[in-house]
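# Chains, contacts and geometry: an overview
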Amino acid sequence: MKAIELEKAYNPKDFEDRIYNDWEKNGYFKPSSDVDSPVHSVYEEKAKKLSAEELAKASYTVVIPPPNVTGVLHMGHGLNNTLQDIVVRYHRMKGDNTLWVTGTDHAGIATQNVVERQLKKEGKTRNDLGREKFIERTWEVKNAHHDIIVKQQRKLGNSTDWERERFTYDEGLSKSVRDVFVTLYERGLMYKGQRLVNWCPRCGTALADDEVDHEDTQGAMYHIYYEYADGSGKIEVATTRPETFFGDTAVAVNPSDERYKSLVGKKLRLPLTGKEIPIIADDYVDKEFGTGMVKITPAHDPNDWEVGLRHNLEVINLLTPDGRLNENVPEKYRGLKPEAARKLVIEDLEAAGLYKGEEKMVHSVGHCYRCKTVVEPYLSAQWFVKMKPLADKALAAWKNGEIQFFPQKWENTYRNWLENIRDWCVSRQIWWGHRIPAWYCEKCGETIVSREDPCKCPKCGAGADQLKQDPDVLDTWFSSWLWPFSTLGWPQQTEDLKRFYPTTALVTAYDIIFFWVSRMIMAGLEFTGKAPFHDIYIHGLVRDKQGRKMSKSLGNGIDPLEIIDMYGSDALKFTLAFMCAQGQDILVDKDSFKLGSRFCNKVWNASRYLLGNLEGRNLIAVKDSDLTELDKWIYSRLNHAAKTAREALESYRYNDAASAMMEYFWNEFCDWYVEATKINFKNGDDKEKDRQASVLMNILEENLRLLHPYLPFVTEEIYAKLPLKEIAANRKTASSGAEGKQKIVSNSEYTGMLINAPYPEFVQERDNAEIDARFEVLKDLIGKVRALRVDCGIDPAIKINIAISIVKGSSAEVCREKVEMIQLLAGVSKVEFVEAKPASSIGTVGTGFEAFIIVDENINKEQLLARFRKTIEKEQGYAKMSENKLNGNFAKHAPAEVVAAEREKLEEGLRRIEKLNSYINSL
């Protein structure tokens with residue numbers, strides 16, 4: 001046959017877009033149960049043999065964490081999408097009915113912020129546009145960003161079913177959201193109440209507890225005097241927010257504090273106002289902290305709010321919705337931001353002799369998770385979900401094994417949050433999002449919560465014109481928590497919902513366990529009776545090389561598209577997966593992706609070499625009985641790699657599978673097996689060359705199947721170049737004889753696109769511990785001879801002579817049979833087997849053997865000795881420096897791990913000196 005030409009240089013830009021379009025056009029992203037799937041017939045055959053329960057287990061469903069339609073994908077998305085794509089491709093190749101649901105999130109506050117910033121540049125506000133026009137403008141932003149995100153996901157190679165793409169604000173999901181709100185209300189789990197909430201003055205909306213990021217901030221503790229109303233003296237209180245004392249309605253002491261028992265009930269005069277407030281007793285007060293007296297401001301502190309409820313204290317709100325002091329403070333402070341008011345209040349307290357001083361301190365301050373504005377505790381009427389009944393079910397599901405975390409350590413985070421959960425504030429004072437389905441009758445005050453827009457008040461009969469819908473919208477996460485089942489058609493009992501729910505796995509980062517993961521489990525259990533997924537793989541974050549989170553402010557972000565442009569999608573995917581160890585963050589810079597690029601190049605160049613060597617060869621049917629020991633060894637290693645990859649991917653150990661693939665393909669297949677087969681092409685007759693070429697094509701075909709989930713584009717491109725029809729026909733011929741199906745050589749007759757080819761399986765008959773042991777000795781010997789050459793500085797082009805002493809009966813006896821391989825791979829001219837160390841030789845030791853380089857006329861002995869002595873002198877200098885460091889202040893003050901590394905460096909240097917001295921003695 002003719003040689004098959006691959007382009008000389010690996011250039012992913014030549015084929016990645018084309019291949020992606022071919023996959024999508026031919027329906028390969030669809031689940032096999034779809035009638036227009038290219039492998040639907042396989043599903044139908046399976047359906048005939050399996051029960052409904054068994055068929056359900058043979059499906060694999062993943063829903064993508066929907067990215068916000070507010071920008072472009074960052075490297076964190078690149079990692080998350082990569083990990084999902086790998087397991088999806090793996091399960092598709094396993095033959096599972098595989099569905100990856102994609103989509104985007106409307107991201108209420110975040111998207112509204114984007115539009116409001118645009119309007120600000122135009123000198124406008126949302127109120128200038130009005131609600132309807134503002135929402136139209138926001139849809140335009142959504143559409144533009146959605147198109148960018150989809151383009152990026154396609155460049156990443158996401159094998160998602162685009163025909164099932166969803167949006168959290170589309171018509172179907174909007175119906176799901178309304179149904180859930182009403183159902184919760186009907187079940188007594190949704191209520192509206194006047195409560196203290198987290199308020200973002202910038203966004204002008206309430207936030208849930210887990211939407212507040214707490215950051216250590218420089219501040220101060222201010223000490224203020226409150227005078228007794230009867231003029232008999234004064235007390236001292238401390239606060240970080242002196243401007244809020246206008247809202248104080250009591251000062252509290254601990255009831256067991258003997259110092260203050262007689263003061264309980266006594267009145268104090270609030271500074272700068274003349275207003276009187278009582279001293280009360282409450283267990284909340286820590287009598288050991290400060291003076292043991294605490295000012296109580298129920299409207300502006302969560303703990304004070306609880307104290308206020310217990311003592312029926314007045315609640316005085318001091319802030320306007322935009323975060324300025326309101327009419328409940330003296331006139332001179334009205335309209336000021338808290339920071340400005342604080343400065344003025346302190347000046348006035350000093351003038352009144354009521355200010356003692358301040359202590360600088362660092363304390364935790366809440367910030368809006370979207371705009372980073374300081375969040376204020378704020379009294380407001382909001383809608384809340386009662387979370388404890390839902391959390392109890394989610395805890396039980398975990399305890400019963402219905403869900404499993406990978407890695408397991410995240411179970412503690414999940415449990416702690418659910419055990420300490422608070423009611424969820426779900427209303428937001430913005431315009432972009434799902435409008436709350438509640439109406440208020442202006443005639444009788446009735447609240448109507450309905451799945452459909454009401455035409456009249458059910459209580460008094462007032463018409464629709466007297467019913468006003470709640471102006472607020474729902475928290476973005478209120479639609480996201482329904483994602484696993486709403487995307488499949490719930491509340492309708494669709495075929496997709498029956499077939500693919502519960503989904504199989506969730507792959508997400510650890511920073512949204514509270515926002516999303518826990519809530520999805522609660523929603524799934526409450527509305528479907530089932531946990532929405534079984535496997536929860538929590539991966540780390542992508543950080544820069546210094547361990548910092550990537551952000552615009554630091555300027556350390558890496559654009560996935562830029563990396564794809566530089567190295568290709570496969571290089572990005574393989575690098576991220578290779579570095580993704582369970583439970584650890586990934587530290588990368590742009591150069592990190594050279595790792596994946598080098599591996600892609602290796603796969604390309606090795607395949608190019610093998611396909612280019614088909615010139616003049618005839619591919620033949622190869623049976624197990626035709627395989628040499630070398631062939632059986634590489635099949636054993638392929639078997640081991642397939643087993644490791646499968647086991648790793650089943651438990652989401654992405655880096656373990658990537659390492660196994662790279663070690664097998666690069667080291668065992670390319671560097672050992674392919675190199676060793678050159679002997680047969682050099683010395684064999686045409687029959688042997690045809691046999692060897694056929695074995696290589698068989699193995700290359702299976703190798704590409706092994707690598708595909710991690711390197712989908714380059715493997716697909718090469719796979720399409722393989723002589724697949726000849727390979728399949730020869731396998732069929734080999735299996736049609738008296739021996740039947742082959743046990744070692746693959747029996748796969750697949751000839752379609754690689755994306756749907758069968759993933760390699762572990763085959764017991766391929767496992768051969770005896771051959772593995774024999775070849776490990778060979779590799780050890782060749783590796784040690786190569787290392788010895790390097791130590792001696794012998795030019796790789798020079799053929800050396802070696803002698804080998806073998807322990808009788810050991811695995812090293814294989815060396816006697818593989819002299820040609822040793823000569824080829826170690827750069828050896830002559831191999832002699834000896835009983836004892838030859839004169840004028842340098843040796844190295846391995847399991848069952850000693851190998852010696854003969855210092856003969858090919859090697860200049862005097863130059864060699866001079867080299868060894870010079871190296872020893874250099875190593876002794878390094879060792880002396882290390883000893884001085886370890887005996888000095890370095891060892892006392894440096895971190896323990898740094899000292900240990902220095903000690904190991906010294907010991908390694910001493911070992912090298914000892915080895916080089918042994919070489920000199922040998923000569």
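For the structure itself, consult the block above.
Here the residue index of a chain counts from 1 through its sequence in written order. Residue-level local features of this predicted model are given only where pLDDT is at least 70; pairs of side-chain atoms are given and counted only at 80 or more, and the full residue set underlies all totals for whole chains, interfaces and linings. With hydrogens and water stripped out, all remaining heavy atoms of the structure feed into the side-chain values.

### With respect to the overall build of the chain
- Helix numbers and strand numbers start at the N terminus; a helix is a DSSP run of H or I with at least 4 residues, a strand a run of E with at least 2. A count of helical and extended segments in the chain gives 30 helices and 29 strands.
- Considered along the principal axes of its C-alpha atoms, the chain spans approximately 110 × 75 × 55 Å.
- Here's how the labels work: a residue is buried when its accessible area is under 20% of the maximum for its type, exposed when over 50%, partly exposed in between, all with a 1.4 Å probe on protein chains only. For the chain, with 923 residues in total, the buried portion stands at 55%.
- Contacts are residue-level and defined by heavy atoms, with any inter-residue pair within 4.5 Å sufficient. By sequence separation, contacts in the chain at least 24 residues apart represent 76% of the contacts at least 6 residues apart.
- Accessible surface, the chain: about 40200 Å² in total, of which carbon and sulfur atoms supply 48%.
- Charged residues are defined narrowly, with Lys and Arg counted positive, Asp and Glu counted negative, and His plus the chain ends left uncounted. Where a charge sits is defined by one atom per residue type, namely NZ (Lys), CZ (Arg), CG (Asp) or CD (Glu). Between the mean site of the 127 positive side-chain charges and the mean site of the 138 negative ones, the chain shows a separation of 1 Å. Working definition of accessibility: Shrake-Rupley area with a 1.4 Å probe, residue cover restricted to the visible protein chains.

### A short note on the sheet that holds strand β16 (residues 424-425)
- Should DSSP find at least two bridges between two strands, the strands are regarded as paired. Read across the sheet, four strands follow the order β6-β5-β14-β16 without closing on themselves; strand pairing throughout is antiparallel. Of all strands in the sheet, those with a lone pairing partner are β6 (205-207) and β16, marking the two edges.
- Two strands pair when backbone bridges link them, and strand β14 (residues 376-385) and β16 are joined in this way by two bridges, in the antiparallel orientation. Following the sheet pairing, V385 is matched in β16 by W424.

### Section: the pattern of salt bridges
- The rule for a salt bridge is simple: a side-chain nitrogen of Lys or Arg has to be within 4 Å of a carboxyl oxygen of Asp or Glu. Following the criterion strictly, the structure yields 69 salt bridges and no others.
- Across the salt bridge formed by R164 and D496, the nearest N and O atoms sit 2.8 Å from each other. Of this pair, R164 sits in the loop between α7 (131-156) and β4 (166-167) while D496 sits in helix α15 (residues 495-500), and the two are 332 residues apart along the sequence. Summarising the burial analysis for this pair, R164 and D496 share the class buried.

### Concerning the side chain of R637
- Examined against the element boundaries, R637 turns out to sit in helix α20 (residues 629-650).
- Those residues in contact with R637 that lie beyond four places of it in its chain are Y664, E668 and D772.

### Brief notes about the packing of aromatic side chains
- Only Phe, Tyr and Trp rings are paired, with Trp represented by its six-membered ring, and only when their centres lie within 6.5 Å; those with planes under 30 degrees apart are stacked, over 60 edge-to-face, the remainder tilted. Inspection of the entire model under this criterion finds 42 aromatic pairs.
- Ring centres 5.1 Å apart and planes at 55 degrees place the aromatic pair F406 and Y652 in the tilted group. With F406 in strand β15 (residues 404-406) and Y652 in the loop between α20 and α21 (654-683), this pair connects stretches of sequence that are 246 residues apart. Y652 carries the same exposure label as F406, and that label is buried.
- Through successive ring pairs, a cluster of aromatic residues spans F181, Y185, W383, W424, F478, W481, F485, W490, Y501 and F527.
- Criterion for a charge above a ring: Lys NZ or Arg CZ within 6 Å of the ring centre, and within 35 degrees of the ring normal. When the ring centre of W162 is taken as origin, the NZ or CZ atom of R154, which lies over that ring, is 4.6 Å away.
- Against the face of W672 rests R786, its NZ or CZ located 5.0 Å from the ring centre.

### Focus: the sheet that holds strand β27 (residues 828-833)
- Spatially, four strands are ordered β27-β26-β29-β28 in an open sheet, and the strand pairing comes out mixed. Two strands in the sheet have a free side with no partner beyond their single neighbour: β27 and β28 (841-846). Geometrically, the sheet is characterised by an average inter-axis angle of 25 degrees between neighbouring strands, direction not taken into account.
- Looking at chain direction, strand β26 (residues 800-806) and strand β29 (residues 849-854) are connected through five bridges and run antiparallel. The partner of I806 across the bridge, within β29, is F849. Orientation is described by lines fitted to C-alpha atoms, with helices fitted over the stretch in contact, and by angles between N-to-C directions that extend from 0 to 180 degrees.

### Let's talk about unusual backbone geometry
- Cis rather than trans, the peptide bond between F406 and P407 has omega equal to -5 degrees.
- With respect to the secondary-structure elements, P407 resides in the loop between β15 and α12 (410-419).
- Looking along the chain, the bond that leaves Y501 and enters P502 is cis, with omega of 0 degrees.
- Within the element layout of this structure, P502 appears in the loop between α15 and β22 (505-509).
- Positive phi, normally seen in glycine, also occurs at Y652, with a value near 60 degrees.
- Note on Y652: relative accessible area 2%, which makes it buried.

### Observations regarding the state of the cysteines
- Whenever a pair of cysteine sulfur atoms sits within 2.5 Å, that pair is classed as a disulfide. All chains considered together, the criterion is met by zero disulfides.
- Of all cysteine sulfurs in the structure, the one in C460 sits closest to C444, which takes part in no disulfide; the separation is 3.6 Å.
- A relative accessible area of 31% means that C444 is categorised as partly exposed.
- Overall, the relative accessible area of 30% leaves C460 in the partly exposed class.

### Brief notes about the pairing of strand β2 (residues 97-101)
- Burial runs high along β2: five of the five residues are buried.
- Here β2 shows no split at all, with N97, L99 and V101 on one side and T98 and W100 on the other all buried.
- As paired strands, strand β1 (residues 59-63) and β2 are joined by five bridges and run parallel to one another. The partner of Y60 across the bridge, within β2, is T98.
- Regarding topology, helix α4 (residues 75-94) serves as the crossover connection from β1 to the parallel β2, and that connection is right-handed. Handedness of a crossover: with both strands directed away from the viewer, a clockwise path from the first strand across the helix to the second marks it as right-handed.

### Concerning the nonpolar core
- If you look at the biggest cluster of nonpolar residues, it comprises 208 residues, and the most contacted ones within it are F478, W481, Y654, F669, Y673 and Y710.
- It is α21 that contributes the most residues to this core, 15 residues altogether.
- With residues near it in sequence (within four places) discarded, W481 still touches V180, L184, L390, W424, W516, R519, M520, A523 and F527.
- Nonpolar core, defined: a set of buried Ala, Val, Leu, Ile, Met, Phe, Trp, Tyr and Cys residues in which side-chain atoms within 4.5 Å join the residues together. Formed by 38 residues, the second largest nonpolar core is a distinct cluster that contains Y191, F245, F246 and Y333.

### Let's talk about the environment of S364
- Here S364 is to be found in strand β13 (residues 355-368).
- Each C-alpha atom, one on S364 and one on R637, is 55 Å from the other, the two residues being 273 residues apart in sequence.
- If we skip the residues at most four places from it in the chain, S364 touches H214, E215 and D216.

### Remarks on the packing of α4 against α20
- Across the interface, α4 lies against α20 with an axial gap of 11 Å and an inter-helix angle of 120 degrees. In terms of orientation, α4 and α20 fall into the oblique class. Between α4 and α20 lies a crossing of left-handed hand. Where α4 abuts α20, its residues I86, V87, Y90, H91 and K94 lie against R646, L649 and E650.
- Its residues assigned to classes, the contact of α4 with α20 shows four nonpolar, one polar and three charged. The labels follow the angle: roughly parallel below 35 degrees, roughly antiparallel above 145, roughly perpendicular from 65 to 115, and oblique for the rest. Whether a crossing is left-handed or right-handed is set by the direction in which the near helix is turned from the far one by less than a right angle, anticlockwise for left-handed and clockwise for right-handed. Polar here means any residue outside two lists: the nonpolar Ala, Val, Leu, Ile, Met, Phe, Trp, Tyr, Cys and Pro, and the charged Asp, Glu, Lys and Arg; Gly therefore counts as polar.

### A short note on the packing of helix α18 (residues 569-578) against α21
- Running from N to C, α18 and α21 point in directions that differ by 115 degrees, and their axes come no closer than 7 Å. Residues F574, A577 and F578 of α18 form the contact with α21, whose own contacting residues are Y654, N655, A658, S659 and M662.
- Class assignment for the residues of the contact of α18 with α21 results in six nonpolar, two polar and no charged.

### Some details on helix α30 (residues 896-922)
- A helix is expected to span 1.5 Å multiplied by its residue count minus one. In a regular helix each residue adds 1.5 Å, so 27 residues correspond to 39 Å; α30 covers 39 Å between its end C-alpha atoms and thus fits that length.
- Elements in contact with the buried residues of α30: α25 (769-792), β28, α28 (861-887) and α29 (889-893).

### Examining the side chain of D856
- Mapped onto the elements, D856 comes out in the loop between β29 and α28.
- At 2.8 Å, the side chain of D856 forms a polar contact with the side chain of N801. Whenever a nitrogen or oxygen atom comes within 3.5 Å of another N or O atom, the pair is scored as a polar contact, on the condition that within protein one atom can donate a hydrogen and the other can accept it, and that pairs from neighbouring residues in sequence are kept only if both atoms are in side chains.

### Notes on a positive patch on the surface
- Each patch is built from residues lacking any salt bridge and having more than 30% relative accessible area; the joining distance is 9 Å for like charges and 5 Å for nonpolar side chains (Val, Leu, Ile, Met, Phe, Trp, Tyr). Together, R117, K120, K121, R202 and K552 give the surface a local cluster of positive charge.
- In this fold, K120 is placed in helix α5 (residues 108-121).
- Note on K120: relative accessible area 68%, which makes it exposed.

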